[in-house]
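# Summary of structural features
Listed below are the residues making up each chain.
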Amino acid sequence: MKTKDLIKVLGIMPRVKGYFYINEAVEIIRRKGEAPLLITKDIYPEVAQKYETSTECVERAIRTSINTAWMSNREMVNKIARYPLRFRPTNKEFLFMVADYIDEMGKENGKA
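The present account deals with the structure reproduced in this document. Keep in mind that this is a model prediction, so the values were computed, not measured.

### Digging into the packing of helix α2 (residues 17-32) against helix α6 (residues 91-108)
Two elements in contact, α2 and α6, have axes separated by 9 Å at closest approach and are oriented at 65°. The interaxial crossing formed by α2 with α6 has right-handed handedness. Between α2 and α6, the contacting residues are Ile-22, Ala-25, Val-26, Ile-29 and Arg-30 on the first element and Phe-94, Leu-95, Phe-96, Val-98, Ala-99, Ile-102 and Asp-103 on the second. The residue inventory of the contact of α2 with α6, partitioned by class, reads ten nonpolar, no polar and two charged.

### Quick notes on α2
Compared with an ideal rise of 1.5 Å per residue, which puts 16 residues at 22 Å, α2 spans 23 Å between its outermost C-alpha atoms and is within 8% of the ideal. Looking at α2, one finds that the buried residues are Gly-18, Tyr-19, Tyr-21, Ile-22, Asn-23, Glu-24, Ala-25, Val-26, Ile-28 and Ile-29. Where α2 is buried, its residues touch α1 (3-9), α3 (39-51), α4 (55-72) and α6. One or two residues past the end of α2 sits Gly-33, with phi positive at roughly 65°.

Rules and cut-offs
Residues numbered from 1 in each chain as written. Predicted model: local features only at pLDDT ≥ 70, side-chain atom pairs only at ≥ 80, totals over all residues. Heavy atoms only, no water. Axes fitted to C-alpha atoms, helices over the stretch in contact; angles between N-to-C directions. Helix = DSSP H or I, 4+ residues; strand = E, 2+ residues; numbered from the N terminus. Left-handed = near helix turned anticlockwise from the far one by under 90°. Contact = heavy atoms within 4.5 Å. Nonpolar A, V, L, I, M, F, W, Y, C, P; charged D, E, K, R; others polar. Expected span 1.5 Å × (residues − 1). Buried < 20%, exposed > 50% of the residue type's maximum accessible area, 1.4 Å probe, protein only.

Printed below as a string of structure tokens:
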């Protein structure tokens, strides 16, 4: 499954900036592999630079989109987390959960 497809399943549509920011952030995480990443120092600045915006706008748009996913498809968010979440995941938790889920789906389908 592609990142963009999973984001849509979660209820985050391409009409919102968070859709593109989440997709880019997840791809950064997947590209960097096991390298240690800081969301505010590594991920947000790279996304912001690509989309010519501020890191604050990136953080807010991602948070708003995660809220949308949490409210509209909590079951799928829990499936991605692989355990029931009591609270909405933080931006960092969500991005790393999605990246891990995409990687695992690729392995299961022989694409890793």
